[in-house]
Amino acid sequence: MARGGARNRSGPQPDENSLKSAKTGYSLTALPSEGYQDEVPGFPLPDATAREAEVWQQAWRTPQAAAWSMQPWRHRTVALWVRWSVRMEDPEAGAALGNVVVRLADQIGMTPAGLKENGWKIATDQVAAKRADKQAETTPAAPSARDRLKAVAGGGA
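Conventions and cut-offs
- Residues numbered from 1 in each chain as written.
- Predicted model: local features only at pLDDT ≥ 70, side-chain atom pairs only at ≥ 80, totals over all residues.
- Heavy atoms only, no water.
- Salt bridge = Lys/Arg side-chain N within 4 Å of Asp/Glu carboxyl O.
- Helix = DSSP H or I, 4+ residues; strand = E, 2+ residues; numbered from the N terminus.
- Buried < 20%, exposed > 50% of the residue type's maximum accessible area, 1.4 Å probe, protein only.
- Contact = heavy atoms within 4.5 Å.
- Polar contact = N/O pair within 3.5 Å; in protein donor to acceptor, adjacent residues only side chain to side chain.
- Phe/Tyr/Trp six-rings, centres within 6.5 Å; stacked < 30°, edge-to-face > 60°.
- Lys NZ or Arg CZ within 6 Å of the ring centre and 35° of its normal.

Draft legend 1. Representation of the pattern of salt bridges within the structure. Counted by the stated rule, this structure contains three salt bridges. For Arg 51, the salt bridge is made with Glu 54, and the minimal N-O distance between the two is 3.2 Å. Of this pair, Arg 51 and Glu 54 both sit in helix 2 (residues 50-59), three residues apart, which is roughly one turn of that helix. One connected set of salt bridges, linked through shared partners, spans Arg 51, Glu 54 and Glu 89.

Right, here's the structure in full:
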């Protein structure tokens, strides 16, 4: 029986912004916020349905797919997540199937916890951030609650 040692999700996850992480050189790999732009690989499981092919295509446009593309050994796990996710769409799907989908999603980084476990983060889209800042500068601020108040003559009870 295994004893001791680090386990997945035991204790707090490392914080990229902590002093300890700075000392140890811990950092997360930034994934492109615009998603994966290259060719989508073929679905590696047999007898793919049309819905599985659609979800597979969608999955390969996420930022996480940039990491999967460099780790071909993950393709089968991603395909299993796609297959079970499609089956989870059935209203009759059970809770056990939901657990399988969530565990696979964690393994391939499709959840916030999964991103951290894999050592990934989604990069900030700096162009969009600058565009939003510029728009905020040109958009007049909404009037405050104080500005919207009006004095009423004889306003007593």
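Next, the rest of the story.
Draft legend 2. Summary view of the environment of Trp 68. Inspection of the secondary structure assignment puts Trp 68 in helix 3 (residues 64-69). When its relative accessible area of 0% is taken as the criterion, Trp 68 is described as buried. For Trp 68 and Ile 108, which are 40 residues apart along the polypeptide, the C-alpha to C-alpha distance reads 8.0 Å. Dropping the residues within four chain positions of it, Trp 68 is found in contact with Ala 59, Trp 60, Thr 62, Arg 74, His 75, Val 78, Ile 108, Met 110 and Trp 120. A polar contact is formed between the side chain of Trp 68 and the backbone oxygen of Ile 108, at a distance of 3.0 Å.

Draft legend 3. The arrangement of the packing of aromatic side chains in detail. For the structure on display, the rule yields four aromatic pairs. Residues Trp 56 and Trp 60 carry aromatic rings whose centres are separated by 5.6 Å and whose planes lie at 55° to one another, so their mutual orientation is tilted. With respect to burial, Trp 56 and Trp 60 carry one shared label: buried. Taken together, the ring pairs in this structure connect Tyr 36, Phe 43, Trp 56, Trp 60 and Trp 68 into an aromatic cluster. Cation over ring: Arg 87 sits above Trp 84, and NZ or CZ is 4.9 Å from the ring centre.

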